[in-house]
Amino acid sequence: MTPGMGATRTLRAMSRTETPADVLRMPLTELEALGMPASSAQFVHDGKALAAAEAEMQRVAEQGAGILTHDCDEYPQRLREIYDPPPVLWFRGETALLSLPGIAVVGTRHPSPYGAGMAQMLSRDLASRGMVILSGMARGIDTEAHKGALEAKGKTVAVWGTGIDVIYPKENKRLAEQILANGGCLLSEFPTGTFPAPQNFPLRNRVLSGMSVGVLVVEAAEHSGTRITARCAMEQNRDVYAVPGNVTNKNSWGPNTLIKQGAKLTATWEDIWEDLPSQVRIDLEDRLSGSGMGAASRGGGAASLFAEQEMPPTERLVYSHLRADEAVQMDELIERLEGELPSAEIFTALFELELAGRIRQMPGKKYVRTF
């Protein structure tokens, strides 16, 4: 809460004292000896830091939230390993998740139907096998990743670039509520009341990668924040996975380039699972078997993007004209099937396919296959 004191300076100062309370009793010269800038030392010495902290704790209590400091047992161990871990984390929800093996899923805010479907499918499949899905709850790939985890009734953690009381984007308010209701966690390194600012999100990205055992990139343009997350992952010695994309799509530049640079090409959950450290995989399998839900009972078996699905002839015909990587407008679909199916049967087939979760409707009466 002291101006001029970032993560590194704060942790360095704390490491030179027996308890944080000692800082509040030090004279100016000793505060400056801790590595504090003169203005920061004066702020602490004048009692303004303590007043700011007490006011913040009051706001945290009012929000039904909590804080973790770097020394708390529940502070994520993997995050402690990075160069500049946050000295304080604000949270709502279950902090026990923060130390479990997790995959950070990141990508563009404007995904194609293919990108959105892959993010949701991979997150769903990994969450159903006990992995925590970490993402930033931004529009696009982040949102799809959280939704995939929730669909599998798995656990997900949203790391925000705002205060824990400032939902961004606002349309994800219901998603935040669902994450908490499902036993997930909302996390931030920023004080309450912090509004979205461009400089906050690159800082947030290092926390996402730092908490994870690996980072999965789905779609990202050449100049995007996702590159920062991937770079952080490499610097933090985390594995990087990437979903290959259509080379004519600008959002495929990020993952395709990462694959050329050594990221693991990822098409199914198995591509990540088989690459996990042995101890992580053993721990996950033990947790699943302990809950009585092994991989086989949670949708296990060989992963495939091309599994054949039994469906009535009419639905199969309509389904065959839809794609996973490109939405088809209803009028175009009716035109394609002219002479084969009347429009009433097409409407019924679309309704049944959507009800079965095999397709989904996009804005503008467009339809796309799900994964």
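Refer to the preceding data block for the structure.
Given the structure is predicted, the values throughout are model-derived calculations rather than measurements. (Residues numbered from 1 in each chain as written. Predicted model: local features only at pLDDT ≥ 70, side-chain atom pairs only at ≥ 80, totals over all residues. Heavy atoms only, no water.)

**Q** I would appreciate a short explanation of the sheet that holds strand 10 (residues 328-329) in the present structure.
**A** Within a sheet, neighbouring strands are paired by backbone hydrogen bonds and run either parallel or antiparallel to one another. Taking strand neighbours across the sheet as the criterion, the 3 strands line up as 10-12-11 in an open arrangement whose pairing is antiparallel. Strands with a single pairing partner mark the edges of an open sheet, and in this sheet they are strand 10 and strand 11 (359-362). Two strands pair when backbone bridges link them, and strand 11 and strand 12 (residues 366-369) are joined in this way by 4 bridges, in the antiparallel orientation. Each bridged residue has a counterpart across the sheet, and for R360 the counterpart in strand 12 is V368. This element, helix 7 (residues 113-127), spans strand 11 and strand 12 of the sheet and lies at about 130° to strand 11. (Pairing = 2+ DSSP bridges. Helix = DSSP H or I, 4+ residues; strand = E, 2+ residues; numbered from the N terminus. Contact = heavy atoms within 4.5 Å. Axes fitted to C-alpha atoms, helices over the stretch in contact; angles between N-to-C directions.)

**Q** Looking at this model, I keep getting lost on the state of the cysteines. Mind explaining?
**A** By definition, a disulfide links the sulfur atoms of two cysteine residues through a covalent bond. A full pass over the atoms with the stated rule returns 0 disulfides. Sulfur of C72: no disulfide; nearest cysteine sulfur belongs to C185 and is 13 Å away. Assessed through its relative accessible area of 24%, C72 is described here as partly exposed. (Disulfide = S-S within 2.5 Å. Buried < 20%, exposed > 50% of the residue type's maximum accessible area, 1.4 Å probe, protein only.)

**Q** Got a minute to help me understand the side chain of T266 in this structure?
**A** When you line up the elements, T266 lands in the loop between strand 9 (264-265) and helix 13 (269-273). Residue T266 is classed as buried on the basis of its relative accessible area, which comes to 0%. Within the local environment of T266, its side chain forms a polar contact with the backbone oxygen of K264, the two atoms lying 3.1 Å apart. For T266, the residues in contact, after removing those within four places along its chain, are L122, L216, Y241, A242, V243, P244, D271 and I272. (Polar contact = N/O pair within 3.5 Å; in protein donor to acceptor, adjacent residues only side chain to side chain.)

**Q** Mind showing me how you'd approach empty space enclosed by the protein here?
**A** Empty space among the atoms becomes apparent when a probe as large as a water molecule is rolled across them. Evaluated as defined, the whole model comprises 1 cavity of 30 Å³ or more. Here the largest cavity is characterised by a volume of approximately 30 Å³. If you go around the largest cavity, the residues you meet are L97, L98, L100, G102, V132, L134, V157 and M211. (1 Å grid on protein atoms, 1.4 Å probe; cavity = no way out; pocket = protein on both sides within 12 Å on 5 of 7 lines; lining within 4 Å. Points joined across faces, edges and corners; volume = space filled by probe spheres on them.)

**Q** It is not clear to me how the sheet that holds strand 1 (residues 66-69) should be interpreted in this structure. Could you clarify?
**A** Pairing in this open sheet of 9 strands is mixed, and the strands run 1-2-6-5-4-3-7-8-9 from one edge to the other. Strands with a single pairing partner mark the edges of an open sheet, and in this sheet they are strand 1 and strand 9. Of the strand pairs in this sheet, strand 3 (residues 102-106) and strand 7 (residues 214-217) are connected by 4 bridges, and their pairing is parallel. Residue pairing across strands places I103 opposite G214, the latter belonging to strand 7. Of the strands in this sheet, strand 7, strand 8 (239-242) and strand 9 are in contact with helix 12 (residues 253-260), which crosses strand 8 at around 130°.

**Q** Help me understand the pairing of strand 5 (residues 156-160), please; the structure alone is not making it clear to me.
**A** On a regular strand, each side chain points to the face opposite its neighbour's, so the side chains alternate between the two faces of the sheet. For strand 5, the buried fraction is high: 5 of the 5 residues fall into the buried class. The two faces of strand 5 match: T156, A158 and W160 on one face and V157 and V159 on the other face are all buried. With 3 bridges joining them, strand 4 (residues 132-135) and strand 5 adopt parallel strand pairing. By the bridge assignment, S135 is partnered in strand 5 with A158. The parallel pair strand 4 and strand 5, bridged by helix 8 (residues 141-151), forms a crossover whose chirality is right-handed. Where strand 5 lies against strand 6 (residues 185-188), 4 bridges are found, and the strand directions are parallel. Bridged to V159 within strand 6 is L187. You can see the chain leave strand 5, run along helix 9 (residues 173-181) and come back into strand 6, and the turn it takes is right-handed. (Right-handed = clockwise from strand over helix to strand, strands pointing away.)

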